[in-house]
Amino acid sequence: MMRTIYFDNNATTKVAEEVAEEMRPLFCELYGNPSSMHTFGGQMGRKIRLAREQAAELLGCEPSEIIFTSCGTESDNAAINGTLAAAPNKRKVITSRVEHPAVLAVCRELENRGYRVVELGVDGQGRLDMEELERQVDDDAALVSIMYANNETGVVFPIEKIAEIVTSRGAIFHTDAVQVVGKMPLDLSKSSIDLLSLSGHKLHAPKGVGILYVRKGTRLSPFMLGGHQEGGRRAGTENVPGIVGLGKACELAARNIEEENNKVKRLRDKLEKAIMEKCPDCRLNGDKENRLPNTSNISFEYIEGEAILLMLDRYGICASSGSACTSGSLEPSHVLRAMGVPFTAAHGSIRFSLSRYNTEEEVDYTIEKVPQIITRLRELSPFVSS
Ligand code: PLP
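Since the structure is predicted, the reported quantities are computational estimates derived from the model, not experimental observations.

A.B. asks: Tell me about the nonpolar core, and name the residues and values.
C.D. replies: Counting residues in each nonpolar core, the largest one holds 68 residues, and the members touching the most others are Phe157, Ile162 and Leu196. Shared between two domains, this core holds at least three residues of each, these being domain 1 (5-12 + 257-380) and domain 2 (17-253). When sequence neighbours within four positions are dropped, the list of residues in contact with Ile162 reads Leu128, Met130, Leu133, Ile146, Phe157 and Phe173. Among the nonpolar cores identified, the runner-up in size contains 28 residues, and Phe7, Leu271, Ile298 and Val363 belong to it.

Structure representation (C-alpha cells):
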C-alpha cells in the first residue's frame, strides 16, 4: 500500500497513541455511566474530573468553566444561541465574513429571528477591519463572535485586543479557537474572552468531542435540555472515552507546545519557501506574520485546486483546496473571496496544514513532487498560452 503523507491537519488530526491508550479500557471494560449510583459507574466521574482539569490547565482557566460538548460546531452553536437567549434585550450580533460555517450559518439564521447581523470584512491579507469593529460595537450589540485563527489561511486575529474592545463596551465576546488550541499557548486567566470553542479532533483527540469554555459569571441558556450533566448546562450522557481522550490530548499539548510548534513551523516554512521558489505564478494567501505555525495556503494561477489535489493524491499526499465543488460548479472559498483574491488565483488554491507527526523527509518528497505536478497541469491548461 502506498504511504500517506498527511498535510491536512486543519481538517482533522491523527489520534495520538497516548490518547488512544488512555481511551481503550473505556469501551469494553470500564463502560459505566458516570451518573450511576454504583462504584462501577461512579468511577467514571473521577475520570471526567481529571480530563476537565487537564483541559483547564491548557487553557489557563478553572475546571468549572469547561463544558464538554460533541464537537466544535456544537460549541459554536451553543455559545451564540445560548448567550443570546440569556440577553434578550439586545438585537445586534457582530461576526466576520471569514468565519467557519459553524458560526456564519448560525449568525445568518439569526437574521430570520429579527437580529441585525454585521459581518466585518478583512483586507487582502485576511486581516480584520478593526476600525469597522470599533464603529459597530455599540449599545445594541449583544454578542461578538470572531474566530481566533482562520482554518483556511491560518491568519490569526488580534483576539485579546478585540475581546477588550468588545467587553469594555458591555457586549459578550465569543471566539472560535478550534484551529488555535494546541498550536498556540493560551491563558484565559489573563484574557477578556467570555466564551471559547475548541474541538478534540483538531488536537490529536478523537472526533465527537469538544469544549465550550464559559467564563464564570457569563450567562448562558442551556442549549441541550434533559439530564443534569455538565452542571445542567449541557444535557446528555457524557462521551466518557472522548472526554478522557481530549483531556489527555490537552495534557500532551500543554507539555510540548513550544518545542513542537517550532518544529512544525520550521517544516512549514521549508515547504512553503521551496514551493514558492520553484513554481512560477503562485502567491501566498494570508498575513505571513500573524499566522498559525502549521498552515500554508498557496494559490497556483491558471489551474484548478481540485486537479492539483487529485495529482497530489496519486503520490499519497493529502492536502485540501480553497474551493469546493458543489453541484457541478466550482465555488471559490468564501474566505479567499472576502480577501479579494482574484478569481483565477482563488480557484487554484491549496492548503497544506502540518502537525507534530510530519517529518523532514515528507516535506522533501512533497517539495520534489509539487513543482512537477504544477508544470504538468499548466501544460494541459487551456488558460496558459505558451
Ligand atoms: N471552527 C473552525 C475554525 C473549524 O476549522 C472547524 C472544523 O473544521 C469547526 C469550527 C468545526 O469543528 P467540528 O468539526 O468539531 O464540528
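A.B. asks: Describe in detail helix H7 (residues 159-168), supporting the description with residues and values.
C.D. replies: The set of residues buried in H7 consists of Ile159, Ile162, Ala163, Ile165 and Val166. Along the axis of H7, the buried positions cluster into a sector of 165°, meaning they face one direction only. Turned more than 90 degrees away from the buried face of H7 sit Lys161, Glu164 and Ser168, all of them exposed. Elements in contact with the buried residues of H7: helix H6 (130-136), strand E5 (141-145) and strand E6 (172-176).

A.B. asks: So, the packing of helix H4 (residues 72-86) against helix H5 (residues 101-112): which residues are in play, and what are the values?
C.D. replies: The geometry of H4 relative to H5 is characterised by a closest axis approach of 9 Å and an angle of 30° between their N-to-C directions. Relative to H5, H4 is oriented roughly parallel. Where H4 crosses over H5, the two elements pack in a sense that is right-handed. Where H4 approaches H5, its residues Thr73, Asp76, Asn77, Ile80, Asn81 and Leu84 are matched on the opposing element by Ala102, Val103, Val106, Cys107 and Leu110.

A.B. asks: Before we move on, can you summarise the domain arrangement of the protein with the specific residues and values?
C.D. replies: As far as domains go, the protein holds domain 1 (5-12 + 257-380) and domain 2 (17-253). Look at where the C-alpha atoms of domain 1 and domain 2 centre, and you get two points 28 Å apart. With both chains or domains summed, domain 1 and domain 2 bury close to 2500 Å², and 52% of this area falls on carbon and sulfur atoms. At the junction of domain 1 with domain 2, the criterion picks out 16 residue pairs in polar contact (both at pLDDT 80 or more). Considering only residue class, the side of domain 1 that touches domain 2 consists of nine nonpolar, 14 polar and five charged.

The rules behind each value
- Residues numbered from 1 in each chain as written.
- Predicted model: local features only at pLDDT ≥ 70, side-chain atom pairs only at ≥ 80, totals over all residues.
- Heavy atoms only, no water.
- Core = buried A, V, L, I, M, F, W, Y, C linked by side-chain atoms within 4.5 Å.
- Buried < 20%, exposed > 50% of the residue type's maximum accessible area, 1.4 Å probe, protein only.
- Domains from an automatic or database assignment.
- Contact = heavy atoms within 4.5 Å.
- Helix = DSSP H or I, 4+ residues; strand = E, 2+ residues; numbered from the N terminus.
- Arc of directions from axis to C-beta.
- Axes fitted to C-alpha atoms, helices over the stretch in contact; angles between N-to-C directions.
- Parallel < 35°, antiparallel > 145°, perpendicular 65-115°, else oblique.
- Left-handed = near helix turned anticlockwise from the far one by under 90°.
- Buried area = accessible area lost by both parts, 1.4 Å probe.
- Polar contact = N/O pair within 3.5 Å; in protein donor to acceptor, adjacent residues only side chain to side chain.
- Nonpolar A, V, L, I, M, F, W, Y, C, P; charged D, E, K, R; others polar.

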